[in-house]
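# Working through the structure, step by step
Listed below, chain by chain, are the residues.
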Amino acid sequence: MVKINGKETAHDGIKVSQLLEKLGYKPQSVAVECNEEIVPKSQYDTFTLNDGDSVEIVSFVGGG
Amino acid sequence: MIPTKEAFEKALAARHGAQLQERFSAASVVICGAGGLGSNVALSLARAGVGNIHLIDFDTVDISNLNRQQYLPEQIGKPKADTLRENLLRVSPYINITSHNVKLTAENIPELLAPYPIICEAFDKADQKAMLVNTVLEHFPDKYLISGNGMAGTDSANMITTRRITSRFYLCGDGVSNVDDGLPLISARVAVCAAHQATIILRIIGEETLSL
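Figured I'd write up the structure that's included with this text. (Residues numbered from 1 in each chain as written. Chains lettered and ligands numbered in written order. Predicted model: local features only at pLDDT ≥ 70, side-chain atom pairs only at ≥ 80, totals over all residues. Heavy atoms only, no water.)

## Digging into the sheet that holds strand β7 (residues 169-173) of chain B
All names here are of chain B. Taken in spatial order, the 7 strands make up an open sheet running β3-β2-β1-β4-β5-β7-β6, and their pairing is mixed. Where the open sheet ends on each side, the last strands, each with one partner, are β3 (96-101) and β6 (161-166). For this sheet, the mean angle separating the axes of adjacent strands, direction not counted, is 20°. Note that strand β4 (residues 118-121) and strand β5 (residues 144-148) share 4 bridges and pair parallel. Considered in β5, the bridge of glutamate 121 is made with serine 147. Along the sheet, helix α7 (residues 187-205) contacts β1 (28-32), β4, β5, β6 and β7; its crossing angle with β5, the most-contacted strand, is approximately 170°. (Pairing = 2+ DSSP bridges. Helix = DSSP H or I, 4+ residues; strand = E, 2+ residues; numbered from the N terminus. Axes fitted to C-alpha atoms, helices over the stretch in contact; angles between N-to-C directions. Contact = heavy atoms within 4.5 Å.)

## Remarks on helix α2 (residues 18-26) of chain B
All names here are of chain B. Those residues of α2 that sit buried are Leu20, Gln21 and Phe24. Along α2, the residues classed as buried sweep out an arc of 95° about the axis, all on the same side. Of the exposed residues in α2, the ones pointing more than 90 degrees away from its buried face are Ala18, Gln19, Glu22 and Ala26. In this fold, the buried residues of α2 make contact with α1 (5-16) and α7. (Buried < 20%, exposed > 50% of the residue type's maximum accessible area, 1.4 Å probe, protein only. Arc of directions from axis to C-beta.)

## Side note on the environment of A:Lys3
By secondary structure assignment, the location of A:Lys3 is in strand β1 (residues 2-4). In contact with A:Lys3, not counting residues within four places along its chain, are A:Glu8, A:Asp53, A:Ser54 and A:Val55.

## Things to note about the sheet that holds strand β5 (residues 54-59) of chain A
Read from one edge to the other, the open sheet built from 5 strands follows the order β2-β1-β5-β3-β4 (chain A), with strand pairing classed as mixed. One side of each edge strand has no neighbouring strand; the edge strands of this open sheet are β2 (7-9) and β4 (37-38) of chain A. Contacting β3 (30-34) and β4 of chain A, helix α6 (residues 126-139) of chain B crosses the sheet at an angle of about 30° to β3(A).

## Some remarks on unusual backbone geometry
All names here are of chain A. With phi around 50°, asparagine 35 is a residue other than glycine that occupies positive phi space. We note that glutamate 36 has phi near 70°; this positive angle belongs to a residue other than glycine. Among the structural elements, glutamate 36 can be located in the loop between β3 and β4. Residue glutamate 36 is classed as exposed on the basis of its relative accessible area of 51%.

## Focus: the pattern of salt bridges
For the structure on display, the rule yields 4 salt bridges over all chains. With its nearest N and O atoms 2.4 Å apart, the salt bridge here joins A:Glu56 to B:Arg163. Here the residue A:Glu56 occupies a position in strand β5, and B:Arg163 occupies one in strand β6, the pair thus bridging two chains. When its relative accessible area of 19% is taken as the criterion, A:Glu56 is described as buried. In this structure, the salt-bridge partner of B:Glu121 is B:Lys129, at a minimum N-O distance of 3.2 Å. (Salt bridge = Lys/Arg side-chain N within 4 Å of Asp/Glu carboxyl O.)

## Quick notes on the packing of α1(B) against α2(B)
All names here are of chain B. For the pair α1 and α2, interaxial distance at closest approach is 7 Å and the crossing angle is 125°. Taken as axis vectors, α1 and α2 run oblique relative to one another. Helix-helix and strand crossings are classified by hand; for α1 and α2 the assignment is right-handed. Between α1, through Leu12, Ala13 and His16, and α2, the contact on the second element is made entirely by Ala18, Leu20, Gln21 and Phe24. Taken together, the residues of the contact of α1 with α2 break down into 5 nonpolar, 2 polar and no charged. (Parallel < 35°, antiparallel > 145°, perpendicular 65-115°, else oblique. Left-handed = near helix turned anticlockwise from the far one by under 90°. Nonpolar A, V, L, I, M, F, W, Y, C, P; charged D, E, K, R; others polar.)

## Let's talk about the packing of aromatic side chains
All names here are of chain B. Here the structure, examined in full by the defined rule, presents 1 aromatic pair over all chains. Relative to tyrosine 94, the ring of phenylalanine 8 has its centre 5.5 Å away and its plane inclined at 70°; by these criteria the two rings are edge-to-face. Of this pair, phenylalanine 8 sits in helix α1 while tyrosine 94 sits in the loop between α4 (80-91) and β3, and the two are 86 residues apart along the sequence. Look at phenylalanine 8 and you get partly exposed, because its relative accessible area is 24%. The residue whose ring lies beneath lysine 103 is phenylalanine 58, and the NZ or CZ to ring-centre distance is 4.5 Å. Its end group placed over the ring of phenylalanine 140, lysine 143 keeps NZ or CZ at 4.8 Å from the ring centre. (Phe/Tyr/Trp six-rings, centres within 6.5 Å; stacked < 30°, edge-to-face > 60°. Lys NZ or Arg CZ within 6 Å of the ring centre and 35° of its normal.)

## Brief notes about α7(B)
Spanning 19 residues, α7(B) covers 26 Å between terminal C-alpha atoms, matching the ideal 27 Å at 1.5 Å per step. Three or more residues of α7(B) are buried, namely B:Arg189, B:Val190, B:Cys193, B:Ala194, B:Gln197, B:Ala198, B:Ile200, B:Ile201, B:Leu202, B:Ile204 and B:Ile205. (Expected span 1.5 Å × (residues − 1).)

This is the structure:
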C-alpha cells in the first residue's frame, strides 16, 4: 500500500508521473514529497512508488 | 520625532520578552514576492523587529494592488521591492531591510536565496509557487520554507490553516480557493493567510522558547 495525502491506496509500483495523471494533477503546479523528501521534477517519469511509501502531493492554486 | 534605536529595542523587549526579541533581532528572512502575501508578511515581521528582511519582486505597484497590498496611491508605478523597503523602514527604522528587483527563476534561485535560512514563498501564480517550492526543496533541504496556498474568495477565514508538510516545509492557506476560477482577492482573507505565514516564521525563529 502507498499512502497518498494521508490515505492508503493500492498504487504500489506506479511512477509519479502516472500517479499525477491518474489523479488529475497538473505536473507544473505540484510539489511531490515521498517519505518527507522532495521528488525532483526530472524524476517524475522514473521514480517508482513502493509498498510502505508515504506520499504528499501539494497542489498549488493561484492567488497572493 | 522618531524614537532612538535603544528606545525601539527596549519597547520590543518589553512587549515580546528579552529572549524572544533577541532571536527576532538576530533573524534573517527572505520574502519572495512583495504582493498581497509578501507585503503583509513583511509588515508583520518588520513590526516584530525581525532584524534582517530581504525582499525580492520584479513587479511595479499597480492601482489593482491597493485593495490588499501595503502600498500607497502615490507609489503606483514604482518597483515593489524597493517601495516596500521604504514603507517598512518608516514602520521599523532600525532593522536591516534589503531589496532586489528581479524575477526569481529555477536558474537564479540557488544563488539568490542561498544566504537566507528562512524562505517565504509569496508569489501569486500557481506554477511559479510550484517552481519556487520545488527548486528550494531540491537545492536547500536544510532551509525553512513557508508557502502560501489558497486565500482567494469569500469563504470563512477559518478555512485557512498552517500545515507542516515536512519538518522544514510549512503550507499556509485553504489549499483550494483559486484566483484562476474567477474568485476575488480580498484584503482581510489575504492578510489572514499572510498572518499565518508570518506567525509560523516568528514561531520558527523563536523555536527554542516556543514549542511548535
